[in-house]
Amino acid sequence: PAAPAVPDSLALLERSVARDSTNFDNLYHLGVMYLDRDRGSDATRVLGRAVRLRPRELKALVNLGAAYDAGGDASAAQTHYRQALDVAPGDSVAVCRLASSLYTQSDYTQALGLLRQVLVQKPGSHCAYFALGVAFADAGLYRDAIRMWTRVVELAPESSEGISARESMDVLRKYRKGQ
């Protein structure tokens, strides 16, 4: 016999939100699911509703910032990351996201300063090591990039940053061998 069909969790959440758009948890999870599926404008819309329901919810503010970054609106993204930091000063994920957003706008000094600050306060922050690895790779400092990404893999091997760090190190090692 054939295996039963797996219900589409995205469709289920969309229906739940359509029935009750005041349920924060469903809005938040749907927004994150949209982000994971590269549906930035949908994520921005849904996470924006979630933030209106709970304006001081850290994870919603950070993910709304990520949705704006994904859509190319760094200014709005940074506003939400800063709001998240007002709620939870020093939150390493919010700081890392803010630093990455600033970095994409070529504000390298502020971005790197924020990342260094995170590592002083939270030496085990894998997101800061990951972002530093990106900065080093962009600057052509491949050994330093690999060193940062190795630290990410040591700290959080199964995280999205850990997986991406392994892939990035493989690419850099192949590139360096070809030089």
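Use the structure listed above.
Residues numbered from 1 in each chain as written. Predicted model: local features only at pLDDT ≥ 70, side-chain atom pairs only at ≥ 80, totals over all residues. Heavy atoms only, no water.

Chemist: So what exactly am I meant to see when it comes to the overall build of the protein chain here?
Modeler: Scanning the protein chain for helices and strands turns up 10 helices and 0 strands. Each of the three principal axes of the protein chain carries a C-alpha extent, and together these read 55 × 50 × 25 Å. Contacts spanning at least 24 positions in sequence make up 41% of the contacts within the protein chain whose residues lie at least 6 apart. As displayed, the protein chain has an accessible area near 10000 Å², and 52% of this comes from carbon and sulfur atoms. Taking the 22 positively charged and 20 negatively charged side chains of the protein chain as two groups, their mean positions are separated by 2 Å. (Helix = DSSP H or I, 4+ residues; strand = E, 2+ residues; numbered from the N terminus. Contact = heavy atoms within 4.5 Å. Areas by Shrake-Rupley, 256 points an atom, 1.4 Å probe, with all protein chains shown as cover. Lys, Arg positive; Asp, Glu negative; His and termini not counted. Charge placed at Lys NZ, Arg CZ, Asp CG, Glu CD.)

Chemist: Even after reading the chapter, I still don't get the nonpolar core, so can you show me in this structure?
Modeler: Across soluble globular proteins, nonpolar side chains have a tendency to be buried as a group. Ranked by internal contacts, the top residues of the largest apolar core, which has 55 residues, are Leu-30, Leu-47, Leu-115 and Trp-149. Excluding residues within four positions of it along the chain, Leu-30 makes contact with Leu-10, Leu-13, Glu-14, Val-17 and Val-46. (Core = buried A, V, L, I, M, F, W, Y, C linked by side-chain atoms within 4.5 Å. Buried < 20%, exposed > 50% of the residue type's maximum accessible area, 1.4 Å probe, protein only.)

Chemist: What is the right way to look at the layout of surface pockets in this model?
Modeler: Over the atoms rolls a probe the size of a water molecule, and in doing so it shows where empty space is left. What the largest pocket holds in volume is close to 680 Å³. Along the walls of the largest pocket sit 24 residues, with Cys-96, Arg-97, Ser-100, Phe-130 and Glu-161 positioned nearest its centre. Every element with two or more residues in the lining of the largest pocket is listed here: helix H4 (58-70), helix H6 (92-104), helix H7 (108-121), helix H8 (126-138) and helix H10 (160-178). If you tally residues by element for the lining of the largest pocket, the top one is H6, at 8 residues. Per-class residue counts for the lining of the largest pocket are 15 nonpolar, 6 polar and 3 charged. (1 Å grid on protein atoms, 1.4 Å probe; cavity = no way out; pocket = protein on both sides within 12 Å on 5 of 7 lines; lining within 4 Å. Points joined across faces, edges and corners; volume = space filled by probe spheres on them. Nonpolar A, V, L, I, M, F, W, Y, C, P; charged D, E, K, R; others polar.)

Chemist: Would you explain the state of the cysteines in this entry?
Modeler: As used in these notes, a disulfide is a covalent bond between sulfur atoms, one from each of two cysteines. Inspection of the entire model under this criterion finds 1 disulfide. The disulfide partner of Cys-96 is Cys-127, and the S-S distance across this bridge is 2.1 Å. Around the S-S axis, the bridge from Cys-96 to Cys-127 shows a dihedral of about 70° and counts as right-handed. Separated by 31 residues along the polypeptide, Cys-96 in helix H6 and Cys-127 in helix H8 bring together distant segments of the chain. Accessibility assignment for this pair places Cys-96 and Cys-127 in one class, buried. (Disulfide = S-S within 2.5 Å.)

Chemist: Just to check I follow, could you spell out the packing of H6 against H7 for this structure?
Modeler: The relative placement of two packed helices comes down to the angle between their axes together with the axis-to-axis distance. The geometry of H6 relative to H7 is characterised by a closest axis approach of 8 Å and an angle of 160° between their N-to-C directions. With respect to each other, H6 and H7 are oriented roughly antiparallel. As H6 packs across H7, the resulting crossing turns out to be left-handed. Contact residues: H6 offers Ser-92, Val-95, Cys-96, Leu-98, Ala-99, Leu-102 and Tyr-103, while H7 offers Tyr-108, Gln-110, Ala-111, Leu-114, Leu-115 and Val-118. (Axes fitted to C-alpha atoms, helices over the stretch in contact; angles between N-to-C directions. Parallel < 35°, antiparallel > 145°, perpendicular 65-115°, else oblique. Left-handed = near helix turned anticlockwise from the far one by under 90°.)

Chemist: I tried to follow H6 on my own but got confused; where do I start?
Modeler: Along an α-helix, residues three or four positions apart point the same way, because every turn accommodates 3.6 residues. With 13 residues, H6 should reach 18 Å at 1.5 Å per residue; the first-to-last C-alpha distance of 18 Å fits that figure. Residues Ser-92, Ala-94, Val-95, Cys-96, Leu-98, Ala-99, Ser-101, Leu-102 and Tyr-103 constitute the buried set of H6. Those residues of H6 hidden inside the fold are in contact with H4, helix H5 (74-87), H7 and H8. Just downstream of H6 lies Ser-106, where phi reads positive at about 70°. (Expected span 1.5 Å × (residues − 1).)

Chemist: Explain unusual backbone geometry to me, please; I cannot follow it from the model alone.
Modeler: Negative phi values dominate among residues other than glycine, just as trans dominates among peptide bonds. Residues other than glycine seldom take positive phi values, yet Asp-38 does so here, at roughly 60°. Its place among the elements puts Asp-38 in the loop between helix H2 (24-36) and helix H3 (40-53). Residue Asp-38 is classed as exposed on the basis of its relative accessible area of 72%.

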